Amino acid sequence: MPSMLSLEEHLQLWNQAHVQLIEVRLCTVEVAMAFSMPASGFVYVADNIQHVEFGDVRYTEPADIVLHGGEGTPVQIVPRFNRGRFYLVTYRVEWGQHTDTQWRQLAEQSQFGERVSTVHAGVETSLRTLLHTMEAAWQQQQPGAQLQAKAYFLSFIYEWVQLQHQSSETADSSPITQVIQYMQHFYAQPITLKQLAEHANYSVPHLCALFKDATGYTPIEYLTRMRVEVAKTLLTESTLSLPEVAEKAGYRDPSYFGRIFKRMVGLSPLHFKRTGQDKSSLTAGPATEASEFNPLMIKRSMLRHIEHALGEAEITAIPQRIVALDWTMAEYLLALGIVPLGVSEADEMPRWLSLPIAIPDGIVDVGPRLQPNLQRIAELSPDLIIGTRMLTEPYYDALQQIAPTVAYDLFPSSRQTSEYESLEYSFGHLASVLDRGALATGIQCRLEDSYKVMREYIHPRIATNKAMVAIGYSSEQHYLLRLSNDGSLPVGVLERLGLTNAFKPGHYEPLGFTTIEMDKLEVGDNAHMMYLVQRDDKIAISRLQKERTWRMLNVSSHRGSRMKPSGMIWPYGGPLSVNMFAVAATRSLTLQSSRYR
């Protein structure tokens, strides 16, 4: 469509159209599935999908690809060895009787809503985050939530249209990328060097020179390695016969395929199928060139040195299989639209954390946060491990043997840096490592805008700007409070709401809180006092509810919501948690009632 419409025309068509959202669904697929698009809509490939056939084009390694087509467009999705996930969003477009004729004609000429198109969303956009929130709102099955889902859909459409036209402009100026995408789509078919040169609008010698400079390979070498990588996946993750594997990898002659495969991998296809490993992985020494080949990467992006709190990590390409050793790190990933493979105490995470997006099922529990299960982590074959310095340091050397490990210092050792500043730095740094820096910047900008709105709403409605935040809990029949100190994350949020911390312990606490028995607490009467509590801690709740001056900040679990009931807003989390804390504090401070639940 971008080739037929200008950006302004494309946006204006969506503005003129009457759009009805039909369905938003996050689908899980364990075996190959085929279907036809039930209406005009999108397939957004999320995780663990080996390849997708959409219309008459096949897409290999299609993570974060956005496919659009009309009703009846054929779709086939093949997952990897574990469960794959994709979003399906369908809609209907109608034209009002007062719509100008020129827009109706333009829509018909451009096959508006019907034309098959592809956009590689990559990792710099917020499209996946919009889908997360859109799907969560849609599943609530409430009129207000459905309207909210439609608002997210229109935001998705706006960003998708912009991305389509940007991709079209970039493609026009990036012939090497065009050639690689052509290979990715048609590697199973006969491809000649002349075809590739014509596709790039270059002569054969000029294409070969530019291509090798960008990738380190000639076009045919690159295509051969791409086909071998496809064959390796089919050999280990399917029950296809060798001739079938050869054909799907682009070789009509199984014998020729066998010779190419053995030369590249070091083993015959049959031997590789039995062992599932390259010859280089069976012997000591560096990997072979073939085993390091990634058909999605260009040479200049192959290796990066990442500095972090415990040293330096070497990362090749963009990590896809990530293990988080801390709930805050897991929240960072979810905020960036990435589902971690494994998380420490993953089974407990939904009980403690309340997030505005659903915590997906299927995340592997990799053991306690204080003592992660190294064997379980190794079994997941991650390409990146992330954690906090405090929890990661005792196991850092062992973790580095499994995968590159990056640690962040969320609890500053002095008053020089606040926990909120550590959050901003670590979230932005991780987003940069994962090539999602623009998305993280957008999230932080929207958060700052939210603070401004809440700050302007709060101050005309309160008599004092002093406030205090505590976590209440019981221990051996004692009623204890963890009071947030200056420099802590909760106090950092209060400060951004224009408030000051009423609790002054008189000494620095490296974890940001002071524990005290409730009966021994002495606070003036002119402070707003708010607390969080684990929902199943009946003793603490009963005791705290007797204190008329304290207000609970817990969120309620709504019926119809797909989010699991949560114990409380997590006060040590990431950008999603601090936003929820700010909203809860704002509501608490401005409600007439002495309680907020």
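Going by the structure above, here's the rest.
The rules behind these values
- Residues numbered from 1 in each chain as written.
- Predicted model: local features only at pLDDT ≥ 70, side-chain atom pairs only at ≥ 80, totals over all residues.
- Heavy atoms only, no water.
- Helix = DSSP H or I, 4+ residues; strand = E, 2+ residues; numbered from the N terminus.
- Buried < 20%, exposed > 50% of the residue type's maximum accessible area, 1.4 Å probe, protein only.
- Contact = heavy atoms within 4.5 Å.
- Areas by Shrake-Rupley, 256 points an atom, 1.4 Å probe, with all protein chains shown as cover.
- 1 Å grid on protein atoms, 1.4 Å probe; cavity = no way out; pocket = protein on both sides within 12 Å on 5 of 7 lines; lining within 4 Å.
- Points joined across faces, edges and corners; volume = space filled by probe spheres on them.
- Nonpolar A, V, L, I, M, F, W, Y, C, P; charged D, E, K, R; others polar.
- Phe/Tyr/Trp six-rings, centres within 6.5 Å; stacked < 30°, edge-to-face > 60°.
- Lys NZ or Arg CZ within 6 Å of the ring centre and 35° of its normal.
- Pairing = 2+ DSSP bridges.
- Axes fitted to C-alpha atoms, helices over the stretch in contact; angles between N-to-C directions.
- Parallel < 35°, antiparallel > 145°, perpendicular 65-115°, else oblique.
- Left-handed = near helix turned anticlockwise from the far one by under 90°.
- Core = buried A, V, L, I, M, F, W, Y, C linked by side-chain atoms within 4.5 Å.

*Asks:* Quick question: what am I supposed to make of the overall build of the protein here?
*Replies:* Along the backbone of the protein there are 23 helices and 22 strands. Relative to its full complement of 597 residues, the protein shows a buried share of 50%. Counted over contacts in the protein with a minimum sequence separation of 6, partners at least 24 positions apart contribute 69%. Counting only carbon and sulfur atoms, one obtains 49% of the accessible surface of the protein, whose full area is about 27,800 Å².

*Asks:* Help me understand empty space enclosed by the protein in this model?
*Replies:* Summary: where empty space remains is shown by rolling a probe the size of a single water molecule over the atoms. In total, this model carries four cavities of 30 Å³ or more according to the counting rule given. Of the voids in this model, the largest cavity is the one considered here, and its volume is about 70 Å³. Every residue lining the largest cavity is counted, 14 residues in all, and those nearest its centre are Ile471, Ser484, Pro490, Phe513 and Tyr572. Looking at the lining of the largest cavity, the elements that each hand over two or more residues are strand S17 (466-475) and strand S18 (478-484). The element that contributes the greatest number of residues to the lining of the largest cavity is S17, accounting for three residues. Taken together, the residues that form the lining of the largest cavity break down as nine nonpolar, three polar and two charged.

*Asks:* Help me out: how do you make sense of the packing of aromatic side chains in this one?
*Replies:* Given two aromatic rings, one states the distance between the centres and the angle between the planes to describe the pair. Summed over all chains, the structure comprises 20 aromatic pairs. A ring pair is formed by Phe42 and Tyr91, whose centres lie 6.1 Å apart and whose planes are at 35°; its orientation type is tilted. Of this pair, Phe42 sits in strand S3 (residues 40-47) while Tyr91 sits in strand S8 (residues 84-94), and the two are 49 residues apart along the sequence. By relative accessible area, Phe42 is classed as buried at 1%. Classification of Tyr91 as buried rests on a relative accessible area of 1%. What links up through ring pairs into an aromatic cluster is the set Trp14, Phe42, Tyr91, Trp95, Phe112, Phe153, Phe156 and Trp160. The ring of Tyr420 carries the charged tip of Arg496 above its face, separated from the ring centre by 3.7 Å.

*Asks:* Is there a simple way to think about the pairing of strand S6 (residues 65-69) in this case?
*Replies:* Put simply, side chains in a regular strand alternate between the two faces of the sheet. The buried fraction of S6 is high, at five of five residues. The two faces of S6 match: Ile65, Leu67 and Gly69 on one face and Val66 and His68 on the other face are all buried. As defined by bridge partners, S3 adjoins S6 across four bridges and the pair is classed as antiparallel. Of the residues in S6, the one forming a bridge with Gly41 is Gly69. Taken together, the four bridges between S6 and strand S9 (residues 117-120) define a ladder with antiparallel strand orientation. Bridge pairing in S9 places Leu67 opposite Thr118.

*Asks:* Please clarify how the sheet that holds strand S4 (residues 49-54) should be interpreted in this entry.
*Replies:* Strand-to-strand pairing in sheets goes through backbone hydrogen bonds, with the strands running parallel or antiparallel. One open sheet holds the four strands; their spatial order is S2-S7-S4-S5, and the pairing between them is antiparallel. Two strands close off the open sheet at either side, each with one partner strand: strand S2 (33-36) and strand S5 (57-60). Taken over all neighbouring pairs, the strand axes of this sheet differ in orientation by 15° on average, direction set aside.

*Asks:* Is there a simple way to think about the packing of helix H5 (residues 175-186) against helix H6 (residues 193-200) in this case?
*Replies:* Axes are the key here: two packed helices are described by the angle between their axes and the distance separating the axes. Contact pair H5 / H6: the axes reach a minimum separation of 9 Å and the direction vectors enclose 135°. In terms of axis orientation, H5 runs oblique to H6. Judged by the sense of rotation from one axis to the other, the crossing of H5 with H6 is right-handed. Judged by residue contacts, Pro175, Gln178, Val179, Tyr182 and Met183 of H5 engage Gln195, Leu196, His199 and Ala200 from H6. Of the residues that constitute the contact of H5 with H6, the class distribution is six nonpolar, three polar and no charged.

*Asks:* Help me out: how do you make sense of the environment of Leu480 in this one?
*Replies:* Looking at the element boundaries, Leu480 is found in strand S18. Classification of Leu480 as buried rests on a relative accessible area of 14%. Sequence separation between Leu480 and Leu544 is 64 residues, and the spatial gap between their C-alpha atoms is 9.9 Å. Apart from the residues within four sequence positions on either side, Leu480 is in contact with Ile471, Gly472, Tyr473, Ser475, Thr515, Ile516 and Glu517.

*Asks:* Help me understand the packing of helix H19 (residues 419-433) against helix H20 (residues 437-458) in this model?
*Replies:* With their axes 7 Å apart at the nearest point, H19 and H20 run at an angle of 150° to one another. Comparing their axes, H20 and H19 come out roughly antiparallel. Across from Tyr420, Glu424, Phe427, Gly428, Ala431 and Ser432 in H19, the residues of H20 making contact are Gly437, Ala440, Ile443, Gln444, Leu447, Glu448 and Tyr451. Residues of the contact of H19 with H20, tallied by class, amount to seven nonpolar, four polar and two charged.

*Asks:* Is there a simple way to explain the nonpolar core in this structure?
*Replies:* The tendency in soluble globular proteins is for nonpolar side chains to be buried as a group. Of all hydrophobic cores here, the largest spans 66 residues; its most connected members are Ile386, Leu434, Tyr451 and Leu497. Among the elements that make up this core, the one with the highest residue count is helix H23 (residues 575-590) (eight residues).

*Asks:* Is there a simple way to explain the sheet that holds strand S12 (residues 322-324) in this structure?
*Replies:* The five strands are arranged S14-S13-S12-S15-S16 in an open sheet whose pairing can be described as parallel. Two strands close off the open sheet at either side, each with one partner strand: strand S14 (364-365) and strand S16 (405-408). Summarising the sheet, S12 and strand S13 (residues 342-343) pair through two bridges and their orientation is parallel. Among the inter-strand pairings, Val323 is bridged to a residue of S13, identified as Gly342. Across the sheet, H19 lies against strand S15 (384-388) and S16, angled at about 160° from S16, the strand it touches most.

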